[in-house]
There are 2 protein chains.
Amino acid sequence: MNGIVQNVVAINRDHHERASHCRHCQSCMKKPVCPAYELVSGQQLDGESGMLQKTIQPGQSVFRASDKFDGIYMVRSGFFKSFFIDADGVMQVTGFHFPGEIFGIDGIETGFYNDSVEALDTGSICKIPLSLFTGSPARKSSIGSDNLLNLSEYNMNGISRMVPLMKIMSRTISRDRNMIFALGKLCAKRRLGTFLLDISARMAQSGYDANQLHLFMSRTDISNYLCLALETISRLFAQLHAENIISVDRRDIKILNMPALQALVRDDATSESALAQTA
Amino acid sequence: MNGIVQNVVAINRDHHERASHCRHCQSCMKKPVCPAYELVSGQQLDGESGMLQKTIQPGQSVFRASDKFDGIYMVRSGFFKSFFIDADGVMQVTGFHFPGEIFGIDGIETGFYNDSVEALDTGSICKIPLSLFTGSPARKSSIGSDNLLNLSEYNMNGISRMVPLMKIMSRTISRDRNMIFALGKLCAKRRLGTFLLDISARMAQSGYDANQLHLFMSRTDISNYLCLALETISRLFAQLHAENIISVDRRDIKILNMPALQALVRDDATSESALAQTA
DNA sequence: CGCGTTCTTGACTCCTATCAAGGAACGTGG
DNA sequence: CCACGTTCCTTGATAGGAGTCAAGAACGCG
C-alpha cells in the first residue's frame, strides 16, 4: 500500500539534507535533467558559485510571490506546489513540481517571482543562481526595471549560457499550451484523466511506479489547479473507481486500467470499449 | 462607421507592398517594438541578412503548422490569426496578431512551427530570420533534432543575441498564463469582456481608437479562441448591447461604457453599479 | 475521546452547449 | 437590377454538465 513512501526514502538517502553549497553536482542523480550541470560540467564548483541545496519541511515555502528573483530551483526530492493569491485573496494553484523538475523561471523577466512555491512533503531542492547562467558573479546581478536587458551585459564572454534557460522556457510554453487546451476543450472527467496521466508520466520519469500514485496534494489543490469544484473531483474519483479504471484510497491512487484511462482522455465517452478490450 | 478602415490605409502607406529584402529598418515605424531592430541598429543591413517583408492577402497563410521553422515574424500592418488542426481535424484558434506584434516564436524548440498563421485581411509582415538572432549565416542553420542545442554553436561571438528572444518568450508565457486564468476561472461574459478589453488595448497600442473596434475575425473564430459556443458569443454581444456597454454592428464594436466593461470583468455581476456611476 | 480537517455524497440550480430555424449581408450570374 | 446560393449571424427551445448548498463520514491529532 505504501511502496511509494519507501521509494521516497530511497531517493532521499542520496541527498544531503542540510543547506550547504553544492560541491556534489558530479555525483548528483539529477545530472541528466539539470540545466545547471550542463553549465558547470568540467568546471570546478566552489562556494562562490552560489549553488545551494536545502531541505524544506511540509508547508514551508521556498519563496513567495513578489520575492526578488535570484535563481531558479530544481527539485531533488519531494513534491512542491506553485500558487499565487489573487486580488480577492483567493489562492490559485498554478502547478506541481516533481523530482528533477525546474521551477521559478517565470521570475526572470520582471525580476520578481510570480508564484509562491511550498513543499507538499519533506523535500530537498537545489537553487541554481542566475549568475550561473549569465556567467557573472552573483553580486553584480543588480536587478533593474528590465532584468532581461541587463542580462545582455553578462554575455560578453564565450558561449551563451542562456540556451538551457530557453529550453526551460520552451517547455514551460508547451506545458501552458496543454493546460489551455485542457481547460478550454475538455470536460471535467477528461481533465482529471489528463491530470492523472500527467502525474503518472512524471512519477515514472522520477523513478516511481507509473501505476501507483500517491497524491501529495489535497483534493482542494487538485480542484483549484484543474479549475473544477472540489466536489466534482471527489465524484469523478468515485466514478473512475466504479468503472474499475482506478482504485482510490484517500490520496493513494492505483491505475488499474491504463488503456481505458488513455482512451477516456482521447476518445471522450468511448471508455467502455477500451475497457472491454483490456479488462 | 469606417474610420478604422481609413487608419489601416494610413498605416499601409508607410509600408512597402512587395516582397523585398528590407533595407528600411532605420525608418520603420515599428522600430520601438521590433526585436530585430534591437539587433541590427547601428549595423548595415543587406540582402544577406535575410530580413524580408511581404504582403499577405486575406485568407492566405504566412506559414503552416509543421513547416520548417526559419524565423519569427512581425506584423507591420493587418491582422492575423494563429491556429492548428487537431487530430480530429478540428480547428483550434490559438491567437490573433496585431500590428507590431510577433508570432512564430513557438517553433524555435522543435524546429517546426506549431501553428498555422493566416491573414484576416490584407496585411504586411516582416520576417526576421533566426540567423539574425544567432549571428550566423542563414544557410548554416541546419535544424537538427534539438534545435536549441545547435543554437549554442552560434553564440561564440560577442553579446548574446538571444535576449530579445527570451523577452518574447517571457511575454508569451505571461500571455498564456492569462489565458489559463480566463478559461479556468471566468464565466462566458467575463471571458468575452476580457477579450474585448484585450483587443481594445492592443488596438490602442497599434495606434487605433481604443473604443472603436473592428473585429477582423468571425464569431466562429472568437468562439473557438475563447472556447465558447458560437451562439454564446452572439447572445453575449446582444446582452452587452442591451446593457449599453457596447454597440454592435456586425463586426464593428463600439465601447460605449468602458468603466462598466472593466467592472464587469473585474467584479463579476456588479456591472450595474458601475453603469450607474458613469452612465 | 472529542475535535478539526478532509473527503464523500445527495439535492438542486444555473450556465452554457446543442439543436433548430430564420434573417441579413454579400457575391455571382442571369 | 433582381434572383439565387452561400456564408455569417441571431434568436429560441431544450438538455446536460458542473457548481453550489448542505449534511454527514472518515481520518489524524491532541
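Refer to the structure printed above.
Reading the values: the criteria
- Residues numbered from 1 in each chain as written.
- Chains lettered and ligands numbered in written order.
- Predicted model: local features only at pLDDT ≥ 70, side-chain atom pairs only at ≥ 80, totals over all residues.
- Heavy atoms only, no water.
- Helix = DSSP H or I, 4+ residues; strand = E, 2+ residues; numbered from the N terminus.
- Buried < 20%, exposed > 50% of the residue type's maximum accessible area, 1.4 Å probe, protein only.
- Core = buried A, V, L, I, M, F, W, Y, C linked by side-chain atoms within 4.5 Å.
- Contact = heavy atoms within 4.5 Å.
- Axes fitted to C-alpha atoms, helices over the stretch in contact; angles between N-to-C directions.
- Parallel < 35°, antiparallel > 145°, perpendicular 65-115°, else oblique.
- Left-handed = near helix turned anticlockwise from the far one by under 90°.
- Near = heavy atom within 4 Å.
- Polar contact = N/O pair within 3.5 Å; in protein donor to acceptor, adjacent residues only side chain to side chain.
- Nonpolar A, V, L, I, M, F, W, Y, C, P; charged D, E, K, R; others polar.

K.L.:
For this particular structure, what's the right way to read the overall build of chain A?
P.N.:
Helices and strands together make up the secondary structure of chain A, namely ten helices and twelve strands. Classification of the 279 residues of chain A by burial places 54% in the buried group.

K.L.:
What am I meant to see in the nonpolar core here?
P.N.:
For soluble globular proteins, the rule of thumb is that nonpolar side chains tend to be buried together. In this structure, Phe-195 of chain A together with Phe-195 of chain B are the most contacted members of the largest nonpolar core, which totals 71 residues. Among the elements that line this core, the one with the most residues is helix H6 (residues 188–205) of chain A, at six residues. Here Phe-195 of chain A is in contact with Phe-96, Met-217, Ile-222, Tyr-225 and Leu-226 of chain A, once residues within four sequence places are set aside.

K.L.:
Is there a simple way to explain unusual backbone geometry in this structure?
P.N.:
Apart from glycine, the bulk of residues carry a negative phi angle, and the bulk of peptide bonds sit in the trans form. Positive phi outside glycine occurs at Arg-250 of chain A, with the angle close to 50°. Take Arg-250 of chain A: it is sitting in the loop between strand E11 (246–249) and strand E12 (252–255). On the accessibility criterion, Arg-250 of chain A (69% relative accessible area) is exposed. Non-glycine residue Asn-244 of chain B carries a positive phi angle of around 60°. Relative to the assigned elements, Asn-244 of chain B resides in the loop between helix H8 (230–242) and strand E11 (246–249).

K.L.:
I would appreciate a short explanation of the packing of helix H6 (residues 188–205) of chain B against helix H9 (residues 258–267) of chain B in the present structure.
P.N.:
In a packed pair of helices, the relevant descriptors are the angle between the two axes and the axis-to-axis distance. Residue and element names in this part refer to chain B. In the contact formed by H6 and H9, the axes pass within 9 Å of each other and the chain directions differ by 130°. Taken as axis vectors, H6 and H9 run oblique relative to one another. Here H6 runs over H9; the crossing is left-handed. Between H6, through Lys-189, Arg-190, Gly-193, Thr-194, Leu-196, Leu-197 and Ser-200, and H9, the contact on the second element is made entirely by Met-258, Leu-261, Gln-262, Leu-264, Val-265, Arg-266 and Asp-267.

K.L.:
It is not clear to me how the protein's contact with DNA strand C should be interpreted in this structure. Could you clarify?
P.N.:
In the vicinity of DNA strand C, 17 residues are found, and the nearest of them are Ser-234 and Arg-235 of chain A together with Ala-188, Thr-232 and Arg-235 of chain B. By atom count, sugar and phosphate contribute 62% of the portion of DNA strand C lying within 4 Å of the protein. Here Thr-232 of chain B contributes a side-chain N or O atom positioned 2.3 Å from a phosphate oxygen of DNA strand C. With four residues, helix H8 (residues 230–242) of chain A is the single largest residue contributor to the surface near DNA strand C. In the surface near DNA strand C, the residues fall into six nonpolar, three polar and eight charged.

K.L.:
Explanation requested: the protein's contact with DNA strand D in the structure shown.
P.N.:
The full set close to DNA strand D counts 16 residues, and Ala-188, Thr-232 and Arg-235 of chain A together with Ser-234 and Arg-235 of chain B are the nearest of them. The contact atoms of DNA strand D, taken as those within 4 Å of the protein, divide so that sugar and phosphate hold 62%. Here a base nitrogen of DNA strand D sits 3.0 Å away from a polar atom, N or O, in the side chain of Glu-231 of chain A. Mapped by element, the contributors of at least two residues to the surface near DNA strand D are H8 of chain A together with H8 of chain B.

K.L.:
Help me understand the environment of Cys-34 of chain A in this model?
P.N.:
Tracing the chain through its elements places Cys-34 of chain A in the loop between strand E1 (20–21) and helix H2 (35–40). Taking C-alpha positions, Cys-34 of chain A is 9.6 Å from Val-75 of chain A, a pair spaced 41 residues apart along the chain.

K.L.:
Is there a simple way to explain helix H7 (residues 219–226) of chain A in this structure?
P.N.:
In an α-helix, one turn spans 3.6 residues, which is why side chains three or four residues apart end up on the same side. Burial analysis of H7 of chain A places six of its eight residues in the buried class, which makes it a mostly covered element. Its buried side turned inward, H7 of chain A meets strand E5 (80–85), strand E6 (91–97), helix H5 (163–185), H6 and H8 of chain A together with helix H5 (163–185) of chain B. Within two residues after H7 of chain A, Cys-227 of chain A carries a phi angle of roughly 60°, on the positive side.

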